[in-house]
Amino acid sequence: MFKNTFLTILIAGGCFLASGQEAPLSTGEEGNIYQKIYNAPLVTSTKQATSFEKLRKEKPLLLGLIFTRCSGVCNPFLLQLKENLQFAANNNSVNVVVLSFDPRDSITDMNSLAQRLDLENDLQWTFAVTDSILPLIQSVGFSPVWDSAKQQYDHDAFLVGINKDGYITKKLIGVRSANDLSLLISSVNNIFSPTYRLPGTNALFSCFNYDPTTGKNTPGLGLLFIALPAVVTVLLLILLSYFNAPKVG
Amino acid sequence: MESIKSKKITAVWIITILTLFVVSIVLGILMRLNQGGVIEQTPVAFYVNMTTHGLTMIGIWFVAGMMAVNFLLQRYVKTSHTVNILALVFTVVGVLMLWTSTFIGKFHAGWTFLYPLPFKIMWAKWATPVFYLALVVLVVGWLIWCLSLIAQILKKYSISQTFAWQHFKKNPKVETPPFILISMITLVGITTCLIAAVVLVALTAAEYFSKGAFVNDALLMKNLTYFFGHTIANEMLYLGLAVIYELFSEISGRPKWKTTWYVAIAWNFTLVFILTAFFHHLYMDFVQPEGLQIVGQLASYFASLPAAGVTVFSIFIAVYRTKINWSLPNLLFFIGTAGWVIGGLGAVIDATISNNVVLHNTLWVPAHFHTYNAMGNVLFSLGFFYWFATLDTEKIYSGKGTKLILSLLLIGGIGFLLAFYIAGADSIPRRYSNYPPELAAGIPLATMGAAFATIYLIGILIFFFNISKGCLKILSSPSS
Ligand code: HEM
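Visitor: Go over the overall build of chain B, please, and point to the residues and values.
Guide: From N to C terminus, chain B includes 14 helices and 0 strands. Secondary structure elements in chain B, listed N-terminal to C-terminal, are α-α-α-α-α-α-α-α-α-α-α-α-α-α. Over its C-alpha atoms, taken along the principal directions, chain B stretches across nearly 60 × 50 × 45 Å. Within chain B, the fraction of its 480 residues that count as buried is 62%. Long-range pairs, those at least 24 residues apart, make up 81% of the contacts in chain B with a sequence separation of at least 6. Carbon and sulfur atoms make up 72% of the accessible area of chain B, which totals about 18,100 Å². Put simply, chain B has 28 plus and 15 minus side-chain charges, and the middle of one group is 12 Å from the middle of the other.

Visitor: Break down the interface of chain A and chain B for me, citing the residues and quoting the values.
Guide: The interface of chain A with chain B comprises 31 residues on the first partner and 35 residues on the second. A buried area of about 2,700 Å², summed over both sides, lies between chain A and chain B, and 76% of it is on carbon and sulfur atoms. Taken as a group, Asn202, Ile226 and Leu237 of chain A account for 21% of the area that chain A buries against chain B, more than any other trio of residues on that side. Summed over the shared surface of chain A and chain B, the result is 0 salt bridges. There are 4 residue pairs in polar contact (both at pLDDT 80 or more) connecting chain A and chain B.

Visitor: Describe the packing of aromatic side chains, with residues and values.
Guide: Counting across every chain of the model gives 48 aromatic pairs over all chains. Considering the side-chain rings of Trp146 of chain A and Tyr153 of chain A, the 4.9 Å spacing of their centres and the 65° angle between planes classify their relative orientation as edge-to-face. Taking relative accessible area as the criterion, Trp146 of chain A reaches 22% and is therefore assigned partly exposed. Classification of Tyr153 of chain A by relative accessible area gives buried; the value is 5%. Aromatic rings pair up to connect Phe21, Trp61, Phe71, Phe384, Phe385, Trp387, Phe388 and Tyr456 of chain B into one cluster.

Visitor: Go over the coordination of the iron atom of the ligand with me, naming the residues and quoting the values.
Guide: As a benchmark, a tetrahedral metal site with four donors has ideal angles of 109.5 degrees, while an octahedral site with six donors has ideal angles of 90 or 180 degrees. All names here are of chain B. Protein coordination at the iron atom of the ligand comes from His53 (NE2) and His370 (NE2), with a distance range of 2.0 Å. Considering all 6 donor atoms around the iron atom of the ligand, angles at the metal cover 88 to 179° and the coordination shape is octahedral. Of this pair, His53 sits in helix α2 (residues 43–73) while His370 is found in helix α12 (residues 364–389), placing the two residues 317 residues apart along the sequence. Judged by its relative accessible area of 14%, His370 falls in the buried class.

Visitor: How would you explain the environment of Asp211 of chain A if you had to name every residue and give the values?
Guide: When you line up the elements, Asp211 of chain A lands in strand β10 (residues 208–211). Asp211 of chain A sits 90 residues away from Asn121 of chain A along the chain, and the two C-alpha atoms are 42 Å apart.

Visitor: How would you explain the nonpolar core if you had to name every residue and give the values?
Guide: By size, the foremost hydrophobic cluster in this structure holds 173 residues, and its most contacted members are Trp61, Leu382, Phe384 and Phe385 of chain B. The greatest single-element share of this core, amounting to 21 residues, is contributed by helix α7 (residues 218–252) of chain B. Leave out the neighbours within four places in its chain, and Phe385 of chain B touches Ile14, Ile17, Leu18, Trp61, Ala64, Met67, Phe463 and Ile467 of chain B. Formed by 52 residues, the second largest nonpolar core is a distinct cluster that contains Val96, Ala114, Leu117 and Val160 of chain A.

Visitor: Tell me what's going on with unusual backbone geometry, and back it up with residues and numbers.
Guide: The omega angle of the peptide bond from Tyr115 of chain B to Pro116 of chain B is 5°, so this bond is cis rather than trans. Here Pro116 of chain B shows up in the loop between α3 (81–104) and α4 (127–156). Despite not being glycine, Gln151 of chain A has its phi angle at roughly 55°, a positive value. Considering the arrangement of structural elements, one finds Gln151 of chain A in the loop between β6 (145–147) and β7 (152–154). Judged by relative accessible area, which is 45%, Gln151 of chain A ranks as partly exposed.

Visitor: An account of the pattern of salt bridges is requested, with residue identities and associated values reported.
Guide: Side-chain pairs of opposite charge can arise whenever the charged atoms involved come near each other. One pass over the full model with this rule turns up 12 salt bridges over all chains. Of the charged contacts, one joins Glu53 of chain A and Lys57 of chain A as a salt bridge, the two residues approaching to 3.5 Å between their closest N and O atoms. Here the residue Glu53 of chain A and the residue Lys57 of chain A both occupy positions in helix α2 (residues 52–58), the gap between them amounting to 4 residues, near one helical turn. Exposure remark for Glu53 of chain A: the relative accessible area of 32% places this residue in the partly exposed category. Through salt bridges with shared partners, one network takes in Arg75, Glu246, Glu250 and Lys256 of chain B.

Visitor: Residue-level account of the packing of helix α1 (residues 4–35) of chain B against helix α14 (residues 442–476) of chain B, with values.
Guide: Residue and element names in this part refer to chain B. Closest axis-to-axis distance for the α1/α14 pair is 9 Å, and the angle between their directions is 165°. The angle between α1 and α14 falls in the class roughly antiparallel. Crossing handedness for the pair α1 and α14: left-handed. Here the contact of α1 with α14 is composed, by residue class, of 27 nonpolar, 5 polar and 3 charged.

Visitor: Account for the sheet that holds strand β3 (residues 61–66) of chain A, with residues named and values stated.
Guide: Residues and elements named next belong to chain A. In space, the 7 strands of this open sheet follow the order β2-β1-β5-β4-β3-β8-β9, with mixed pairing throughout. What marks the edges here is a single partner per strand, and that holds for β2 (49–51) and β9 (168–173). Taking each pair of neighbouring strands and ignoring which way they run, the sheet shows an average axis angle of 35°. Taken together, the 3 bridges between strand β1 (residues 41–44) and β2 define a ladder with antiparallel strand orientation. Note on β2: the bridge partner recorded for Leu42 is Thr50. Running over the sheet, helix α4 (residues 107–116) touches β1, β3, β4 (95–100) and β5 (125–129) and is turned about 155° from β5.

Visitor: Summarise the site of the ligand; cite the residues concerned and give the values.
Guide: Residues and elements named next belong to chain B. By nearness alone, 26 residues border the ligand, and Gln35, His53, Trp111, His370 and Arg431 come closest of all. For the ligand, an oxygen atom lies 2.8 Å from a polar atom in the side chain of Gln35. Of all the secondary structure elements, the ones that give two or more residues to the shell around the ligand are α1, α2, α12, α13 (399–425) and α14. At 6 residues, α1 tops the list of elements feeding residues into the shell around the ligand. Partitioned by chemical class, the residues of the shell around the ligand number 16 nonpolar, 7 polar and 3 charged.

Visitor: Please set out the environment of Phe248 of chain B residue by residue, giving values where relevant.
Guide: Residue and element names in this part refer to chain B. Among the structural elements, Phe248 can be located in helix α7. Overall, Phe248 belongs to the buried group, its relative accessible area being 0%. With 83 residues separating them along the chain, Phe248 and Leu331 place their C-alpha atoms 9.3 Å apart.

Calculation notes
Residues numbered from 1 in each chain as written. Chains lettered and ligands numbered in written order. Predicted model: local features only at pLDDT ≥ 70, side-chain atom pairs only at ≥ 80, totals over all residues. Heavy atoms only, no water. Helix = DSSP H or I, 4+ residues; strand = E, 2+ residues; numbered from the N terminus. Buried < 20%, exposed > 50% of the residue type's maximum accessible area, 1.4 Å probe, protein only. Contact = heavy atoms within 4.5 Å. Areas by Shrake-Rupley, 256 points an atom, 1.4 Å probe, with all protein chains shown as cover. Lys, Arg positive; Asp, Glu negative; His and termini not counted. Charge placed at Lys NZ, Arg CZ, Asp CG, Glu CD. Buried area = accessible area lost by both parts, 1.4 Å probe. Salt bridge = Lys/Arg side-chain N within 4 Å of Asp/Glu carboxyl O. Polar contact = N/O pair within 3.5 Å; in protein donor to acceptor, adjacent residues only side chain to side chain. Phe/Tyr/Trp six-rings, centres within 6.5 Å; stacked < 30°, edge-to-face > 60°. Donors = N, O, S within 2.8 Å, 3.2 Å for Na, K, Ca; no water. Tetrahedral: all angles 85-135°; square planar, octahedral: opposite > 155°, others 65-115°. Core = buried A, V, L, I, M, F, W, Y, C linked by side-chain atoms within 4.5 Å. Axes fitted to C-alpha atoms, helices over the stretch in contact; angles between N-to-C directions. Parallel < 35°, antiparallel > 145°, perpendicular 65-115°, else oblique. Left-handed = near helix turned anticlockwise from the far one by under 90°. Nonpolar A, V, L, I, M, F, W, Y, C, P; charged D, E, K, R; others polar. Pairing = 2+ DSSP bridges. Near = heavy atom within 4 Å.

Geometry only, nothing functional implied.
Structure (structure tokens):
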């Protein structure tokens, strides 16, 4: 008990300190991309000791950070993730690690969470705890804040994509759609996903106009500008030859 | 015929070009020394050197081809002396403005200044507009020069004759000299890519002054950038080839080359392929339609093949089992053609989509373009410089001097290029100011490149010293 309280204070303090440091933790989705995840030792539902390195070498990982006593986003987040995963493209190419960032959570707590979600026998899912949560959450840019009045962590729904080499390739913050999950799965599998700038009134001469509702690209005015130099040259040639009649013929 | 006025301005061009060449080679050697860890420059200093080196090199070897074509064109048509002087002034002013933006303003977006990089100010705020103004000065000066030469050709030859279309049929009544055909094809290509530069600068200025009300499309800007950059870098080689067609047989004591049906067809095709080959710079841009990627690959193959095939065939026929008066200019032409073909093969390997996935943005790219520049086009121009400087005199230096210069250029050039090729094949990326431990293989190769480039530089300095005598003599001769 004492150990858990101490760790809670430590992690909350760590987050507070980190937020006051010169190089603050990057909490947005862009932060920590292409950095390696900290290789934390893990205790999993089978009570076996393992590590991130071992797990990610088998398959790329999706890491969900939660705590079992959460009265907020953790449950809807995991339920949505479970549902979306069934519909996401390439969903079998990844494994999911659900890791508690709350030092009070034991592996028994995590097992009962897995049971509640009906995932205790699903080999794609691993529920785990670690004794090295602080360096791990720092390595992914996750910063929960302890709210002592509510006795809850104030935190985001946070899903991290880790490829087989241990690099963070993409993060999703918030409860997201199956489409976003597919993009995350592609990224951990090192599959390129095209992105398009949405049309705006200030972009007049796009080569192609992307329609976000249909997902289709149609030729735009910009293409004319690529042909323009050749057209102007031909016109100039005609003009020059017209005004410079040849002296021999 | 060439007047003394035209000889004087040509001599000024040569001295200006070689001076700028020496400075640019020094910048190149500094870059390789930095990559090799022999000297330590800040990344900003490296990229300032890289931007200045790239743009100055492209600029000077473009004008080298133009001024040689201008000089030789006077054998067929009258050219404008005023426009020639104007081009020289615009070039010098443009280069000085460019160097101000890079050396003083620290502008360092690379010679391709790819959008939106110039807008991400990491240098003095004024450096971006000065850089673009420099570009405007250069492009306007060159466009006027180009159009003036085309207009002069069209005064004597009809449009179809300049493109040698009458040679598609048997026994044409009028012969288009190969020099006119190649010059015209190249000048038209240059005009097109300079107009692409005008469109590019206009769109950039529109965004710059609109304060956010107008933004450009990155794909359009990339297409236009390479339409200009790739094409001008390519066309300048063809200016060199025009000079070879005019001078190689003459210097070698062989009959003048004639335009045949296959020469005419090859060069007409070349015009189209050169103007569409730039699409190969956009292989990694997934939004570009696949059709254009295929056009890029095919045009890259075909752009070099007709002209290269015909030129190599013509040179081979000219030298095979015949007594040739070998001298420095035709040896430079001959070796330059070999460099052009070898560099061209390296380029075609890279322009093949399946290979490009591996070689994209590695040192293989500078490897191939330095081959057909430093050991191709530069040698074409040096051949012309030497021929020009010795026009009115008996040879300035003996066979010994010739051998020394050629040996230094060959040993230095080949070693310098090999360092690029080996590193490129080993996936060492281009445009790295320093190589991290993962790319340590690039470090000794960079030092090796610097050492061999220094040998090449010594060859250039000896050559410069020798021909400057001839150029100074022309400059000091009476004007009438
Ligand atoms: C011995 C002579 C030369 C030396 C030592 C030299 C050296 C270099 C080096 C070290 C680089 C940077 C390579 C990298 O990406 O890491 C470079 C880039 C370049 N060089 Fe040269 N070079 C020489 C001759 C030439 C010539 C003759 C031309 C053109 C006619 C040329 C045009 C360029 C261009 C266009 C770039 C690309 C710049 C950029 O990426 O923005 N160089 N050169």
